[in-house]
Amino acid sequence: MRVVLAEDLALLREGLVSLLESHDFEIAAAVDNGPSLLKALVDHRPDVAVVDVRLPPSFTDEGLQAALEARRRVPGLPVLVLSQYVEQLYARELLADGSGGIGYLLKDRVFDAAQFVDAVRRVAAGGTAMDPEVISRLVASSTRDTPLARLTPRESEVLELMAQGRSNAAIAEKLVITERAVTKHTANIFAKLDLPVTGDDNRRVLAVLAYLNR
Amino acid sequence: MNGVTVRETRLQRHARAPWRGLALYLLSVPATLVGLWFITVVSMITSFVGVLLFPSAAMLLRTQLDAYRSRINKWTGVRVQRPYLPEQETEPGVLGMIKRFVGLASDPATWRDYLWVVADPIVALFTAALPGMLILYGVWGYALATFAGGLIGHYGGSDWYTWIHVDSGYDRSAERIVSTVVVATVCIVVGYLIGPKMLTVYGHWGRLLLGPTRKSELALRVRHLQESRSEAVDASAAELRRIERDLHDGAQARLVAMGMSLGAIEHLLDRDPEKARILLAETRASSAKALSELRDLVRGIHPPVLADRGVGDAVKALALDHPLRPEVNVELPGRPEPPVESAAYFAVSEILTNAAKHSGASRVWIDVRYERGMLRITVTDDGRGGARMEDGTGLRGIERRIGTFDGVLALSSPVGGPTIVTLELPCALSSPKTSPS
């Protein structure tokens, strides 16, 4: 699986390169600034891109802008955005085209190599990987929504994990329940939130995110 | 600071102006009395009693004339500021008293105040009071035409209404009565028509004597700058202390603990690998915690979106995290200077917190735009209103902080709502923004 990597701190960039290489990823390019990131993304068309939000030369949201621009030119290009902080505003912009293949994680999540690699694979496969903090803030700021308040605590947990982009199997493992129970919970959630039922995992996640983003 | 702004229709303005003019004219009665007292005190100045009484007389005069200032500001559309030079701290004792006397006596505004008291009754009569007088004269004309003219003639009186003779033949002369009615109507119509205009003229007259001169304007400005500068320095020093404390008690302490844990792990690696593994997991959790504390700290110093995108998107991001989900409308062709952006951002943040805490609002609208050299931000909520600057809701603090940039804050919050807080910060915009909105 070919990866384009953008991170301006050499230490972290090398760490990410060795982490990904040790999990059988092929690094197509590892860049350290916004303009060369856009070029690398459009030239290499990688299976997935791992991008730091803040990049030189401006040290603003250059990485995010490059990723969004690349996705405009190459629709559906899978991008996993890493950042020292997560913002709902940026999450919305990343999810705006509704086509999936998007990840937005805190840099801390790299600490857990297995989970991080799992997130990269998920994004590469067209899924989503949203940081738990993004999701909890999305949920917290939708307190006005009464349908959310009707969810049971367990259903809320399932909703948050589902919004993060996890599969039923992963949710079941995390909550130590059976997959059948998860399926039942998700059906209940969709009924309570009045969302269209779909068998496709990715579309299901996008529907939930769109709901929270309203 | 203009508090509540009530919009009047043109009709209302014309209807009210003559009576406002008369009210202003009537103010000259107490003002003249105070002026008499003032000049009496001045005449005693060679004696110690004069020196002793002078400050209180001057202050009384100032308070009296503030009544003019506030009404002129409210009614005429001309803004008159207090012109007085900043007063020194009062010292006790005879020396302090003499210093105060010299300070007040050498302030030109004190003497301009007296000039006002003497000249205003005459000027007001021909400006502010004129429309009201005309209308009253018109009403008198109607009274003559209907019954008073007949009465005067009946009892053998003789009077003149403009050129119309009112005597015993008056109530039998249709010509005279019709002329009276015409003249009276013209007086009333003209009175109402020229009312607002005359008030404006009067306002300019007010500004001439009651407003600051160039010199006192500068002195006031210097004082304002001194105050806002020392406040800004104090605030930033306090902020630095807070950051230092947060780092010291937070991330720094955690890093020390992590270092110690790593030492222990090194030690345990061979003897007790199981325990080492547990410690490692704890250390990792600790590093994540340190990072999250640093993140919160950074957000409080300078929010990342503000740095990345500027105040427009930063306010949008703020709104997204706010439980009331305010609607945000931004029209900024560029970015203000970073300090102004930061001040504006934190002001909005605080106003939103207030709205959520005190107003009981269910909806909030934020409007950010750039007009005539001003960054103007309006935050409106549909809460219960009745908010006041003095309530300790932090609005004073915001006003002080944006005051460093010559920004002003206006609050309109009638009981029952809505509450509208408007910020205006003079600033220049840098290059047009390139990021998508």
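Predicted model only: the values in this text are computed from it and were never measured. (Residues numbered from 1 in each chain as written. Chains lettered and ligands numbered in written order. Predicted model: local features only at pLDDT ≥ 70, side-chain atom pairs only at ≥ 80, totals over all residues.)

**Observations concerning the UniProt feature "domain: Response regulatory" (unreviewed entry) in chain A**
Part 1 of the reasoning: Per the UniProt entry, the sites bearing "domain: Response regulatory" (unreviewed entry) are residues 2–122 of chain A in this numbering.
Part 2 of the reasoning: Here residues 2–122 of chain A is 45% helix and 21% strand, with 14 Å between the C-alpha atoms at its ends. (UniProt positions renumbered as here; feature names shortened; annotations may be inferred. Helix = DSSP H or I, 4+ residues; strand = E, 2+ residues; numbered from the N terminus.)

**What about the packing of helix α1 (residues 10–26) of chain B against helix α7 (residues 174–210) of chain B?**
Residue and element names in this part refer to chain B.
Part 1 of the reasoning: The interhelical angle for the contact between α1 and α7, taken along N-to-C directions, is 55°, at an axis separation of 7 Å. With respect to α7, the axis of α1 lies oblique. Of the two elements, α1 crosses α7, and the hand of that crossing is left-handed. Residue-level contacts link R13, H14, A15, A17, P18, R20, G21 and L24 of α1 to G191, Y192, G195, P196, M198, L199 and Y202 of α7.
Part 2 of the reasoning: Looking at the contact of α1 with α7 residue by residue, the class counts come to nine nonpolar, four polar and two charged. (Axes fitted to C-alpha atoms, helices over the stretch in contact; angles between N-to-C directions. Parallel < 35°, antiparallel > 145°, perpendicular 65-115°, else oblique. Left-handed = near helix turned anticlockwise from the far one by under 90°. Contact = placed C-beta atoms within 7 Å. Nonpolar A, V, L, I, M, F, W, Y, C, P; charged D, E, K, R; others polar.)

**Concerning the environment of L148(A)**
All names here are of chain A.
Part 1 of the reasoning: Turning to its location among the elements, L148 is positioned in helix α7 (residues 146–149).
Part 2 of the reasoning: Under the C-beta neighbour-count criterion, L148 is labelled partly exposed, with 18 such atoms within 10 Å.
Part 3 of the reasoning: Note: C-alpha distance between L148 and R72 (76 residues apart in sequence) is 33 Å. (Buried ≥ 20, exposed ≤ 12 C-beta atoms within 10 Å, placed from the backbone.)

**A closer look at the nonpolar core**
Part 1 of the reasoning: Counting residues in each nonpolar core, the largest one holds 98 residues, and the members touching the most others are L80(A), A344(B) and V348(B).
Part 2 of the reasoning: Among the elements that take part in this core, helix α12 (residues 338–359) of chain B stands out by supplying nine residues, more than any other.
Part 3 of the reasoning: Residues contacting L80(A), with those up to four places away along its chain left out, are V48(A), A49(A), V50(A), G103(A), L105(A), A119(A), V120(A), V123(A) and A129(A).
Part 4 of the reasoning: Counting residues in hydrophobic clusters, the runner-up holds 34 residues, among them V41(B), A57(B), W75(B) and L104(B). (Core = buried A, V, L, I, M, F, W, Y, C linked by C-beta atoms within 7 Å.)

**Considerations on the interface of chain A and chain B**
Part 1 of the reasoning: At the junction of the two partners, chain A supplies 14 residues and chain B supplies 19 residues.
Part 2 of the reasoning: Its residues assigned to classes, the side of chain A that touches chain B shows three nonpolar, six polar and five charged.

**A closer look at the pairing of strand β7 (residues 408–412) of chain B**
All names here are of chain B.
Part 1 of the reasoning: As judged from the five bridges shared by β7 and strand β8 (residues 419–426), these two strands associate in the antiparallel manner. Counterpart to S412 in the pairing with β8 is I420.
Part 2 of the reasoning: Between β7 and β8, which pair antiparallel and follow one another directly, the connecting turn spans six residues, one of which, G416, has a positive phi of 100°. (Pairing = 2+ DSSP bridges.)

**Topic: the sheet that holds β8(B)**
Residue and element names in this part refer to chain B.
Part 1 of the reasoning: Taken in spatial order, the five strands of this open sheet run β3-β5-β6-β8-β7, and their pairing is mixed. The sheet terminates laterally at β3 (327–331) and β7, the two strands that pair on one side only. When strand polarity is set aside, the average angle formed by the axes of neighbouring strands in this sheet is 10°.
Part 2 of the reasoning: Strands in contact with helix α11 (residues 311–321) are β3 and β5 (364–371); relative to β3, the strand with the most contacts, it is inclined by about 175°.

**Things to note about the UniProt feature "modified residue: 4-aspartylphosphate" (unreviewed entry) in chain A**
Residues and elements named next belong to chain A.
Part 1 of the reasoning: Feature annotation in UniProt assigns "modified residue: 4-aspartylphosphate" (unreviewed entry) to the following positions: D52.
Part 2 of the reasoning: With respect to the helices and strands, D52 occurs in strand β3 (residues 48–52).
Part 3 of the reasoning: In this view, D52 contacts A6, E7, D8, G63, L82 and S83; residues no more than four positions away in its chain are not counted.

**Considering the sheet that holds strand β2 (residues 26–31) of chain A**
Residues and elements named next belong to chain A.
Part 1 of the reasoning: The strand order across the open sheet built from six strands is β2-β1-β3-β4-β5-β6, with neighbouring strands paired in parallel fashion. Whereas interior strands pair on both sides, the edge strands pair on one side only; in this sheet they are β2 and β6 (128–130). The average angle at which neighbouring strand axes cross in this sheet is 20°, direction not considered.
Part 2 of the reasoning: Direction of pairing for β3 relative to strand β4 (residues 79–83): parallel, over a ladder of four bridges. Bridging across to β4, A49 finds its partner in V79.

**A short note on the domain arrangement of chain A**
Often, the extent of an interface is quoted as the loss of accessible area on bringing the components together.
Residues and elements named next belong to chain A.
Part 1 of the reasoning: By the assigned domains, chain A splits into domain 1 (2–130) and domain 2 (136–213).
Part 2 of the reasoning: A separation of 25 Å is found between the C-alpha centroids of domain 1 and domain 2.
Part 3 of the reasoning: If you look at the interface, domain 1 gives eleven residues, while domain 2 gives twelve residues.
Part 4 of the reasoning: Every element with two or more residues in the side of domain 1 that touches domain 2 is listed here: α4 (88–95) and β6.
Part 5 of the reasoning: A class-by-class count of the residues in the side of domain 1 that touches domain 2 yields three nonpolar, six polar and two charged. (Domains from an automatic or database assignment.)

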